Protein chains: 2
Amino acid sequence: MSALAVALLHHPVLGRSGEELTTTITNLDLHDIARCVRAYGLQAFYVVHPYASQRMLAERIQRHWVSGAGGKRIPDRGRALEVLRVVPDLETACTDLSDGEPASVAQWTTAASAQGREVTTFAAARAVLEGTQQPVLLCFGTGWGLAPQALAKADLQLEPIVAKRDTGYNHLSVRAACAITLDRLLG
Amino acid sequence: MSALAVALLHHPVLGRSGEELTTTITNLDLHDIARCVRAYGLQAFYVVHPYASQRMLAERIQRHWVSGAGGKRIPDRGRALEVLRVVPDLETACTDLSDGEPASVAQWTTAASAQGREVTTFAAARAVLEGTQQPVLLCFGTGWGLAPQALAKADLQLEPIVAKRDTGYNHLSVRAACAITLDRLLG
């Protein structure tokens, strides 16, 4: 089993008209995804944001829960938020996950539609994870999802999450998409 | 396939010391769970709250997205929030789901630990859903989960969600737990 981590990107992601933009930190993204990352035993949860002020906000939220009043009140939440690592870009996340060899990390992306790209089924991805020693970084986009330039760099793109029966609606929150992805890979 | 819906209970649920209490509405619970309910094709998402003021709040949020400014800005969010039905108690939800025959509804509960109760695996529950015509209401608790009196009334309790490998941590948010449950039953 490889070293596996989640990266939540706030740039480059899409806005609702398909434009490329940078989103702000959402408090409950940090909580929900950290709790999933902890529950499924991943190595880390990288919160990736290019703005120093937004990274400071994420770190302040983390401190509140890990060493501040929040963690005293709800220790289980502190244990979850310990997995959070706030970084300016994916390169820094890959360097951290691989102990200094960022090129060794496989970047896997997620998206709500295949958009003509070759995708890998969850069953196949699960088998890859079980057989590899290569560190894997699972990348999720906020806003309307990862921008094409982020998807283009991927070593593997996971198939979109869909229900067994076609409902014509696949607009899950990134929190729900991450929970389901981790469960399909590690549940 | 039966009529299937989600109920999110704010009472009776547990607080962090195991006491029974009533929680307040969380905005992102409504969004995330409505989006999952819509994506997996369930019939409705019942937001169950005993306080009229809290029900008014949930209905106001719904109006903003279904017929107000929110829906004009993000139509996909409006389509999701349409599935929301705000009710004072489970009985009202069951009456609505069954077109007036609440006793015909099977109440299924979810919990982060089995607590000595007999639980049904997701695989078995999935098979039940595919073979039955009985309406099924999937009940989730906010706070620290459904109180024992809510679990005691269940026709079926689903097994706790756990990772394949034991990580010793199972404190998922109700949003993540609902997403994973729907995916395991209908994904």
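Residues numbered from 1 in each chain as written. Chains lettered and ligands numbered in written order. Predicted model: local features only at pLDDT ≥ 70, side-chain atom pairs only at ≥ 80, totals over all residues.

With that out of the way, let us pick up the sheet that holds strand 1 (residues 4-9) of chain B. Hydrogen bonding along the main chain pairs the strands of a sheet, whether they run parallel or antiparallel. Residue and element names in this part refer to chain B. Taken in spatial order, the six strands make up an open sheet running 5-4-1-7-6-8, and their pairing is parallel. The two strands at the open ends of the sheet, each matched to only one other strand, are strand 5 (84-87) and strand 8 (156-157). Both strand 4 (residues 44-48) and strand 5 contribute to a ladder of four bridges, which runs parallel. Bridge pairing in strand 5 places V47 opposite V86. (Pairing = 2+ DSSP bridges. Helix = DSSP H or I, 4+ residues; strand = E, 2+ residues; numbered from the N terminus.)

This part covers the sheet that holds strand 5 (residues 84-87) of chain A. One open sheet holds the six strands; their spatial order is 5-4-1-7-6-8 (chain A), and the pairing between them is parallel. Each of the sheet's edge strands pairs with one partner strand only, and the pair in question is strand 5 and strand 8 (156-157) of chain A.

Attention now moves to the interface of chain A and chain B. At the junction of the two partners, chain A supplies 30 residues and chain B supplies 30 residues. When residues of the side of chain A that touches chain B are traced back to their parent elements, those giving at least two are helix 1 (27-39), helix 4 (75-81) and helix 8 (174-186) of chain A. Here the element with the most residues in the side of chain A that touches chain B is helix 1 of chain A; it accounts for seven residues. Residue composition of the side of chain A that touches chain B, grouped by class: 13 nonpolar, seven polar and 10 charged. (Contact = placed C-beta atoms within 7 Å. Nonpolar A, V, L, I, M, F, W, Y, C, P; charged D, E, K, R; others polar.)

What follows covers the relation of the copies chain A and chain B. Here chain A sits on chain B after a turn of 180 degrees about the axis and a move of 0.0 Å along it, with an RMSD of 0.0 Å. Look at the turn and shift together and you get a two-fold axis relating the two. (Least-squares fit on C-alpha atoms with pLDDT ≥ 70 in both.)

Moving on to the packing of helix 1 (residues 27-39) of chain B against helix 8 (residues 174-186) of chain B. Residues and elements named next belong to chain B. Running from amino to carboxyl end, helix 1 crosses helix 8 at an angle of 5 degrees, the nearest separation of the two axes being 10 Å. The pairing of helix 1 with helix 8 is recorded here as roughly parallel in orientation. For the pair formed by helix 1 and helix 8, the contact residues are L28, D29, D32, I33 and C36 on the first element and V174, R175, C178, A179 and L182 on the second. Class assignment of the residues belonging to the contact of helix 1 with helix 8 gives a composition of seven nonpolar, no polar and three charged. (Axes fitted to C-alpha atoms, helices over the stretch in contact; angles between N-to-C directions. Parallel < 35°, antiparallel > 145°, perpendicular 65-115°, else oblique.)

Residue and element names in this part refer to chain B. Bridge count between strand 6 (residues 106-109) and strand 7 (residues 136-141): four bridges; the pairing is parallel. Its bridge partner lying in strand 7, T109 is registered against C139. In this fold, the crossover linking strand 6 to strand 7 by way of helix 6 (residues 122-131) has right-handed handedness. Where strand 6 and strand 8 come together, two bridges link them in parallel fashion. (Right-handed = clockwise from strand over helix to strand, strands pointing away.)

Turning our eyes to something else, we now look at the environment of V136 of chain B. Residue and element names in this part refer to chain B. Examined against the element boundaries, V136 turns out to sit in strand 7. Spatially, the C-alpha atom of V136 lies 4.8 Å from that of A106, the residues being 30 residues apart in sequence. Those residues in contact with V136, other than ones at most four positions away along the chain, are S2, L4, A106, W108 and L129.

The predicted model of chain A averages 96 in pLDDT, with 99% of residues at 70 or higher. Predicted complex metrics record ipTM = 0.97 and pTM = 0.97. (pLDDT = per-residue confidence, 0-100.)

Before going further, it helps to examine unusual backbone geometry. Residues and elements named next belong to chain A. Cis geometry is found at the peptide bond from H11 to P12, where omega equals -5 degrees. Along the chain, P12 turns up in the loop between strand 1 (4-9) and strand 2 (13-14). The backbone of D99 sits at a positive phi, close to 55 degrees, despite the residue not being glycine. The topology assignment puts D99 in the loop between helix 5 (90-97) and strand 6 (106-109). By C-beta crowding, D99 is classed as exposed, having 10 other C-beta atoms within 10 Å. (Buried ≥ 20, exposed ≤ 12 C-beta atoms within 10 Å, placed from the backbone.)

The end-to-end C-alpha distance of helix 8 of chain A, which contains 13 residues, comes to 18 Å, matching closely the 18 Å that a straight helix rising 1.5 Å per residue would cover. Most of helix 8 of chain A is tucked away: 13 of the 13 residues are buried. (Expected span 1.5 Å × (residues − 1).)

Once that is clear, we can look at the pairing of strand 4 of chain B. All names here are of chain B. Counted residue by residue, strand 4 has five buried out of five residues, so it is predominantly covered. Burial along strand 4 is two-sided: A44, Y46 and V48 and F45 and V47, pointing in opposite directions, are all buried. Relative to strand 4, strand 1 is paired through five bridges, and the arrangement is parallel. Looking at strand 4, one finds that V6 is bridged to F45.

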